[in-house]
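Fold and geometry: a report
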Amino acid sequence: MDNKIKIRFTEEYGEYLRDESRQVGFADSISFVKSEEEIISVLKENYANKIPTTIQGARTGLAASSVPFGGHVINLSRMNKVNGIRYDEVNDKFYIKLQPGVLLVEIRKYLANKSFITDGWNDSSKNALYHMKKGEWFYSTDPTEISATIGGMVACNASGAKSFRYGSTRDHIQSIRAVLSDGDVISLRRGEVISDGRLFSVTTEGGRIISGRLPKYEMPNVKKNTSGYFNKLNMDIIDLFIGSDGTLGVISEIEIELNKKQKSNWGITIFMPDEDKALDLVRALRGEKIFCDRNAINLNPSAIEFFSHNALDMLREQQRVNPAFATIQEIKENYHTAIYIEIEDDSDDKIWAGVEELGEIIVKLGGDEDATWVANNPTNLEKLHSFRHACPECVNMQIDLIRKSDSRITKLGTDMSVPDNKLKDVMKMYNDGILENNLNAVIFGHIGNNHLHVNTIPRDMDEYNRGKELYSSWAEKIVSMGGAVSAEHGVGKLKVPFLQKMFTKDKIDDMRKLKKLFDPDQLFNRATIFPYVESKGVK
């Protein structure tokens, strides 16, 4: 092993063979790179020897994208510097340049404290920081796992709860740098490289021109989708790399856009008497007119989240037996289904006007305004955040306990989305499937975007296998509804069979051809998004 950056894989690096999907792989070597130059050095050697390479961040992903199946692992967690800040004075916007290993929680701390490590910054960045300190800014993409790296978030086009208002990672990326499999570099800035219909051409920093044609498949008409390569006519080529699951290049620098904080931020958890009424409330919150004798609510929430009756039962049980959940407010027995929303505006008075309208809708749907938790200060809002995050924590705890008796069992969680008019249909499909198969499952997630996580907790391998079969059948039905088989976690390696239900073999072959333009020997993240098909002369 000539390259000093590369380390031969031994047992002490075992944790780097897995991610939060609970899948475990294997590898020959690993490198913990600290700079773009080190990435280039490793990739040039791998390219010369045709060594497949898996790219990792913090390994918080749920689709096994960062689980290696042989070859070399490039771990980016030590590339964790903030490279600078840019201020767009005309539009009053700030942008931060980050290495890919910077954690989301670190970004939030930097912005909250208005304090950065500025070693190596130029005068322009330092001047931008001076201006930034005059206001309040935040990064809007908010996946549940705040220990995710920004590179991983770009790789899977992460979103989270606030995507209802602010969109996904893609909507807030201004530029990226990516190292290709041969060590050459592409620098892409939004608005600079646009395809001509489906034809595109990109020039690398080494002077090589990469030209090609985008596939003919169309993206589903849903608000959240990470199912395969992003694709549309006259698209910005930066968007091809965002959500590409590390299959096109190693992202070495990212420039993110910040949003200005508004003065008021409220959180409200509403408990409805049944699920159908809860779904009608969601429709009203989205601005749909559900009663002919009154207008829609004018609230513009940042987030609209859902918690099923079974999810509330699970949390109630944990409150009884687990002190770790004692900080969550008491979930009364008569609380059936919960909807959580966040609202941001310039003043409490503006929010309150919308909340009064909301109260009228709740009552008209058979709910009780008193069965509502309202938080309008940071302390109480954090309690509601704890409630929102408690569901996935409970599920993971139960799975870890079950795995002690059978390590083959993993959590089964959906990540699919459908168009607005299919919300009730998809909920019925989920509920019927769980009931018919007698499975232990809870449903929660980003219902404002018709994107729900059905988390099945198999008690044995029989339930695990039945759950997998059920999820496969759901994927087919989701596609027939015009939906996406992956909404925010990426396809990775786990959802490759689901993507094959969404796109024909010819369309997936078109994705493979697109990949080969940037990665001719298919060295990056093999078996991610689509199966690896060996090319002649490539091992």
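Counting from 1, residues in each chain are numbered in the order their sequence is written. Since the coordinates come from a predicted model, pLDDT governs what is reported: local features require at least 70, and pairs of side-chain atoms require 80 or more to be given and counted, while whole-chain, interface and lining totals use all residues. Hydrogens and waters are ignored; side-chain quantities use all the structure's heavy atoms.

**Quick word on the overall build of the protein chain**
- A tally of regular secondary structure across the protein chain gives 14 helices and 21 strands.
- Here the protein chain has a C-alpha radius of gyration of 23 Å; the compact-globule value for 539 residues is 24 Å, and the two agree.
- Buried residues are those whose accessible area, probed at 1.4 Å on protein chains only, stays under 20% of the maximum for their type, while exposed residues exceed 50% and partly exposed ones sit between those limits. When the 539 residues of the protein chain are sorted by exposure, 58% land in the buried category.
- Accessible areas in this description were obtained via Shrake-Rupley with a 1.4 Å probe; residue shielding takes into account the shown protein chains only. Here the protein chain displays about 23000 Å² of accessible surface, and carbon together with sulfur accounts for 47% of that area. Put simply, DSSP marks the helices as runs of H or I at least four residues long and the strands as runs of E at least two long, and each gets a number from the N terminus on. Only the C-alpha atoms count toward the radius of gyration. The rule for a globule is 2.2 Å times the residue count to the power 0.38.

**Quick notes on helix α7 (residues 275-285)**
- The buried fraction of α7 amounts to eight of the 11 residues, a majority that puts the element mostly inside the structure.
- The set of residues buried in α7 consists of Glu-275, Ala-278, Leu-279, Asp-280, Leu-281, Val-282, Ala-284 and Leu-285.
- The contact criterion used throughout is that any non-hydrogen atoms of two residues lie within 4.5 Å. Buried-residue contacts for α7 involve β14 (264-272), β15 (303-307), β16 (337-345), α9 (348-364) and α11 (423-436).
- Distance and chemistry together define a polar contact, namely a pair of N or O atoms within 3.5 Å, with one atom able to donate a hydrogen and the other to accept it when in protein, and with adjacent residues in sequence counting only for side-chain atoms on both sides. At the N-terminal boundary of α7, the capping side chain belongs to Asp-274, with an oxygen 3.1 Å from the backbone nitrogen of Asp-276.
- The first or second residue beyond α7 is Gly-287, which carries a positive phi of 100 degrees.

**Remarks on the sheet that holds strand β9 (residues 185-189)**
- Spatially, β5-β6-β12-β8-β9 is the arrangement adopted by the five strands of the open sheet, whose pairing is antiparallel. On the outer flanks of this sheet lie β5 (82-88) and β9, each paired with one strand and no other. Neighbour-to-neighbour, the strand axes of this sheet turn through a mean angle of 15 degrees, independent of strand direction.
- When DSSP finds at least two bridges between two strands, those strands are taken to pair. Pairing analysis gives six bridges linking β5 to strand β6 (residues 93-98), with the strands arranged antiparallel. Residue pairing across strands places Asp-88 opposite Lys-93, the latter belonging to β6.
- Only the stretch in contact is used when a helix axis is fitted, and all axes are lines through C-alpha atoms; the angle between N-to-C directions ranges over 0 to 180 degrees. Packing against the sheet, helix α3 (residues 123-132) makes contact with β5 and β6, and its axis sits at approximately 65 degrees to β5.

**Thoughts on the layout of surface pockets**
- Here a cavity denotes grid points, spaced 1 Å and computed from the protein atoms alone, that fit a 1.4 Å probe unable to get out, and a pocket denotes an open set having protein on both sides within 12 Å along at least 5 of 7 lines; residues with an atom within 4 Å of a point are the lining. Grid points are joined across faces, edges and corners, and a volume is the space filled by probe spheres set on the points. Considered as a void within the structure, the second largest pocket measures approximately 930 Å³ in volume.
- Sorting the residues of the lining of the second largest pocket by element identifies α2 (104-113), β7 (137-138), β14, β16 and α10 (378-403) as the ones contributing at least two each.
- Considered class by class, the residues forming the lining of the second largest pocket number 11 nonpolar, nine polar and 11 charged. Charged means Asp, Glu, Lys or Arg here, nonpolar means Ala, Val, Leu, Ile, Met, Phe, Trp, Tyr, Cys or Pro, and polar covers whatever is left, Gly included.

**A closer look at the UniProt feature "domain: FAD-binding PCMH-type" (unreviewed entry) in the protein chain**
- UniProt positions are given in the numbering used here, feature names are shortened, and annotations may be inferred rather than shown by experiment. Mapped onto this numbering, the UniProt entry annotates "domain: FAD-binding PCMH-type" (unreviewed entry) at residues 23-261.
- Along residues 23-261, the helical share is 20% and the strand share 25%, with 38 Å between the first and last C-alpha atoms.

**Quick look at the pattern of salt bridges**
- Each salt bridge in this description consists of a side-chain nitrogen of Lys or Arg and a carboxyl oxygen of Asp or Glu lying within 4 Å of one another. Enumeration over the complete set of coordinates arrives at 40 salt bridges.
- A salt bridge links Glu-36 to Arg-177, with the shortest nitrogen-to-oxygen separation between them at 2.9 Å. With Glu-36 in helix α1 (residues 36-48) and Arg-177 in strand β8 (residues 173-179), this pair connects stretches of sequence that are 141 residues apart. The pair formed by Glu-36 and Arg-177 is uniform in burial state, with each residue classed as buried.
- The salt bridge partner of Asp-280 is Arg-283, with a shortest N-O separation of 3.1 Å. Here Arg-283 and Asp-280 lie together in helix α7, a separation of three residues that amounts to about one turn.
- Several salt bridges converge on common partners, so that one network encompasses Lys-223, Asp-276, Asp-280, Arg-283, Arg-286, Glu-288, Asp-420 and Lys-424.

**With respect to the nonpolar core**
- Ranked by size, the top nonpolar core spans 138 residues in total, and within it Phe-116, Tyr-139, Phe-241, Ile-256, Leu-281, Leu-358 and Tyr-430 carry the most contacts.
- A per-element tally of this core places α10 first, with nine residues.
- Here Phe-241 is in contact with Val-154, Ile-176, Ala-178, Leu-180, Ile-186, Leu-188, Leu-248, Gly-249 and Phe-518, once residues within four sequence places are set aside.
- Only buried residues count toward a nonpolar core, which is a set of Ala, Val, Leu, Ile, Met, Phe, Trp, Tyr and Cys residues joined through side-chain atoms within 4.5 Å. Counting residues in hydrophobic clusters, the runner-up holds 13 residues, among them Val-33, Ile-40, Val-179 and Phe-524.

**Re the pairing of strand β10 (residues 199-203)**
- Covered by surrounding structure in β10 are Phe-200 and Val-202 only, the residues Leu-199, Ser-201 and Thr-203 on the alternate face being uncovered.
- Summarising the sheet, β10 and strand β11 (residues 209-213) pair through five bridges and their orientation is antiparallel. Within the sheet, the bridge partner assigned to Val-202 lies in β11 and is Ile-210.

**Some remarks on the environment of Leu-214**
- Here Leu-214 is to be found in the loop between β11 and α6 (238-241).
- Given a relative accessible area of 1%, Leu-214 falls into the buried group.
- As a C-alpha pair, Leu-214 and Gly-197 span 17 residues in sequence and 8.5 Å in three-dimensional space.
- Setting aside residues no more than four positions away along its own chain, Leu-214 makes contact with Ser-195, Gly-197, Arg-198, Phe-200, Asn-231, Lys-232, Met-235 and Leu-514.

**Quick word on the pairing of strand β2 (residues 29-32)**
- Side chains of β2 alternate between two faces, with Ser-29 and Ser-31 and Ile-30 and Phe-32 buried alike.
- Of the strand pairs in this sheet, strand β1 (residues 6-8) and β2 are connected by three bridges, and their pairing is antiparallel. Bridge pairing links Arg-8 to Ser-29 in β2.
- Pairing of β2 with strand β4 (residues 72-75) involves four bridges; the strand directions are parallel. Paired with Ile-30 across the bridge in β4 is Val-73.

**Some words on the packing of α7 against α11**
- Running from N to C, α7 and α11 point in directions that differ by 150 degrees, and their axes come no closer than 11 Å. Judged by the angle between their axes, α7 and α11 are roughly antiparallel. α7 and α11 meet at a crossing whose hand is right-handed. Within the contact between the two elements, α7 uses Glu-275, Asp-276, Leu-279, Asp-280 and Val-282 and α11 uses Leu-423, Lys-424, Met-427 and Asn-431.
- The residue inventory of the contact of α7 with α11, partitioned by class, reads four nonpolar, one polar and four charged. Roughly parallel means an angle under 35 degrees; roughly antiparallel, over 145; roughly perpendicular, 65 to 115; everything else is oblique. Handedness of a crossing follows from how the near helix is turned relative to the far one, being left-handed for an anticlockwise turn of less than a right angle and right-handed for a clockwise one.

**Some words on empty space enclosed by the protein**
- Under the counting rule described, the total for this entry stands at three cavities of 30 Å³ or more.
- Its volume calculated, the largest cavity comes out at about 40 Å³.
- Lining the largest cavity we find Asn-157, Arg-170, Met-219, Asn-225, Thr-226, Ser-227, Gly-228, Phe-230, Ile-242 and Gly-243.

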